[in-house]
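Take a look at the letters that make up each chain.
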Amino acid sequence: MNCGIVIFAHNNRQIDYVKLSMISALLAKKNLDKPVSLITDPSTADWMKESKVFEKAAKIFDKIIITQRPESGNNRLYRDGKDKIAAPFNNTNRDNVWYLTPYERTLLIDSDYIILSDVLNEYWNVDSSFLISNTYKDILGDHRIGYLDKNVSETGVKLLWATTIMFTKNQESKVLFDLVDYIKENYKQFSDTYRFNPSMFRNDIAFSIANHILYGWEDSNDYTLPSVLSSPDIDFLYDVKEKLKFIMLANDGDSYITCSIQNKDLHIMNKQSLLRNYDKIMEQL
Amino acid sequence: MQEQFKNALEFSNYRQTLSVQRKTLKEKNEARLTFGHNGGIFKIDRSLLNFVELLINKGRHENVVLLDINDNPILIENLQEFSGDIFDRYFTATNEYYEEYQKIKKSRSVEKLIEA
């Protein structure tokens, strides 16, 4: 089966998602030894050409797929430790991956998901058309994990993490992705039923509800991808040492706790701090 | 007194980092012990290793069905080969775990823990 990885990148004025994707893609290629394709939009592609990263990107990515830029009705706060900025979050076309992927079996990852191990290679041949992670883990431990990191809302429907998704392009997975699209189009209506805050579209919620519906309004007990070890955006990526050792400063209220991550996949939500370390990471790849 | 308090805070920082590093190592080891085979996913633990060894000792070498982490029946065509793979993975993962654990155990400051 033709397997590969797909990353979405739609830049906004604050965050260079293409650069994040380049880091993410090189690490994924290095550790999983699979081709990586980029899905982006015409304006982001134009910027890539202007800023002269297009050639580099063309070498990194197996394919650069240009699609329509999603509507940016989503504004979100991007935290950078204690600082924050508001910017459009162009994440509403993730469900199109089913149609856009060039692979039969696809691993879709967020551009801020850093693959530092080969653990995900165990899942390419798992007998399931759709795999998603159902567990969020915090680098500091459970005390920073809230109820809404585990559940869609007080209804208790389990929250799935769309940071990593693996699927086979077939009719079974198409039903799910089409349902995610339907939920997105009727997000407010679903928020009334599932009682979540609809102010910002979240893929995690849309995929969770779609999965919940397709499993007969119950939580799935099917295979899942490994838990998503995450560093929330109140933390910093402080440094990247030799052999890709990521030094994190994790916010623990009034103070920061230093910790290091190596050979373990990591979701770094503080995108600005990841970008500040772009050169240091690229030097090692 | 101020010095004692400062020392206590430094020690507290060290203990917090140590705790996080230990937890990360444990999770890393658990992830390494996940093993995909013939459409199923297995958790390599003592129970699986023992059971596979028992089956081989009982003369079951081919076309054995094992239940995976989801209790789905998975056909193992060559149990000897499967056994070799999971034992290899188990020892590689636990040896790395041991080495990394020793490094952080010997580190007596936040700086050394991070360097370990």
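Just so we're clear, the structure is a prediction, and the values are computed from it rather than from any experiment.

## Thoughts on the nonpolar core
Residues and elements named next belong to chain A. Among the nonpolar cores identified, the biggest contains 90 residues, and Ile7, Ile132 and Met248 are the most heavily contacted of them. At nine residues, the largest contribution of residues to this core is made by helix α1 (residues 17-32). Ignoring sequence-local partners within four residues, the contact set of Ile7 consists of Ser21, Ser24, Ala25, Val36, Leu38, Ile109 and Ser111.

## Details of the confidence of the model for chain A
On average, chain A scores 92 in pLDDT, and the residues at 70 or more come to 99%. When the elements of chain A are averaged for pLDDT, strand β4 (residues 75-80) of chain A gives the smallest value, 76, and strand β6 (residues 105-109) of chain A the largest, 98.

## Brief notes about the environment of Pro102 of chain A
Residues and elements named next belong to chain A. Residue placement: Pro102 occurs in the loop between α4 (97-100) and β6. For the pair Pro102 and Ile65, spaced 37 residues apart in sequence, the C-alpha separation works out to 9.1 Å. Ignoring anything within four residues of it in the chain, the contact list for Pro102 reads Gly4, Ser37 and Lys63.

## Re the packing of helix α5 (residues 171-185) of chain A against helix α7 (residues 203-214) of chain A
Residue and element names in this part refer to chain A. Where α5 meets α7, the axes come as close as 9 Å, and the angle between the chain directions of the two elements is 120°. The angle between the axes of α5 and α7 places the two elements in the oblique class. The element α5 and its partner α7 pack so that their crossing is right-handed. Contacts from Val175, Leu176, Leu179, Val180, Ile183 and Lys184 in α5 reach Ala206, Phe207, Ile209, Ala210, Ile213 and Leu214 in α7. Partitioned by chemical class, the residues of the contact of α5 with α7 number 11 nonpolar, no polar and one charged.

## A short note on the sheet that holds β6 of chain A
Residues and elements named next belong to chain A. Overall, mixed pairing links the six strands, which are arranged β3-β2-β1-β6-β10-β8 in an open sheet. The sheet terminates laterally at β3 (63-66) and β8 (130-133), the two strands that pair on one side only. When the angles between neighbouring strand axes are averaged without regard to direction, this sheet yields 20°. Note: β6 against strand β10 (residues 161-168), five bridges, orientation antiparallel. Each bridged residue has a counterpart across the sheet, and for Thr106 the counterpart in β10 is Phe167.

## Focus: the pairing of strand β12 (residues 236-241) of chain A
Residues and elements named next belong to chain A. Looking at chain direction, β12 and strand β13 (residues 245-252) are connected through five bridges and run antiparallel. Opposite Val240, over in β13, you have Phe246 as the bridge partner. Taken together, β12 and the strand that follows it, β13, pair antiparallel across an intervening segment of three residues, in which Lys243 is found at a positive phi of about 55°.

## A look at the interface of chain A and chain B
Contacts between chain A and chain B engage 22 residues on the former and 19 residues on the latter. The leading source of residues in the side of chain A that touches chain B is strand β14 (residues 255-261) of chain A, at five residues. Grouping the constituent residues of the side of chain A that touches chain B by class yields 12 nonpolar, six polar and four charged.

## Some points on the sheet that holds β14 of chain A
All names here are of chain A. A sheet is described by the order of its strands in space; here three strands give the open sequence β12-β13-β14, paired in antiparallel fashion. The sheet is open, and its two borders are formed by β12 and β14, each paired with just one other strand. Between one strand and the next, the sheet's axes are offset by a mean angle of 25°, whatever the strand orientation.

## Looking at the pairing of strand β5 (residues 83-88) of chain A
Residues and elements named next belong to chain A. The element β5 is largely exposed, with a buried count of zero among its six residues. In the sheet, β4 pairs with β5 via six bridges, with the strands oriented antiparallel. Across the sheet, the residue bridging to Arg76 is Ala87, located in β5. Here β4 folds back onto β5 in antiparallel fashion, the turn holding two residues, of which Gly81 has a positive phi close to 70°.

## Structural notes on α1 of chain A
Residue and element names in this part refer to chain A. The terminal C-alpha atoms of α1, which comprises 16 residues, lie 21 Å apart, in line with the 22 Å expected from a rise of 1.5 Å per residue. Here α1 lies mainly inside the structure; 12 of its 16 residues are buried. Within α1, burial applies to Tyr17, Val18, Lys19, Leu20, Ser21, Met22, Ile23, Ser24, Ala25, Leu27, Ala28 and Leu32. Within two residues after α1, Asp33 carries a phi angle of roughly 55°, on the positive side.

## Observations regarding unusual backbone geometry
Of note in this structure, Asp33 of chain A is not a glycine but carries a positive phi near 55°. Along the chain, Asp33 of chain A turns up in the loop between α1 and β2 (36-40). Positioned with a positive phi, Asp71 of chain B is a non-glycine residue whose angle comes to about 60°. Summarising the element assignment, Asp71 of chain B is placed in the loop between β3 (62-67) and β4 (73-78).

Conventions adopted
Residues numbered from 1 in each chain as written. Chains lettered and ligands numbered in written order. Predicted model: local features only at pLDDT ≥ 70, side-chain atom pairs only at ≥ 80, totals over all residues. Core = buried A, V, L, I, M, F, W, Y, C linked by C-beta atoms within 7 Å. Buried ≥ 20, exposed ≤ 12 C-beta atoms within 10 Å, placed from the backbone. Helix = DSSP H or I, 4+ residues; strand = E, 2+ residues; numbered from the N terminus. Contact = placed C-beta atoms within 7 Å. pLDDT = per-residue confidence, 0-100. Axes fitted to C-alpha atoms, helices over the stretch in contact; angles between N-to-C directions. Parallel < 35°, antiparallel > 145°, perpendicular 65-115°, else oblique. Left-handed = near helix turned anticlockwise from the far one by under 90°. Nonpolar A, V, L, I, M, F, W, Y, C, P; charged D, E, K, R; others polar. Pairing = 2+ DSSP bridges. Expected span 1.5 Å × (residues − 1).

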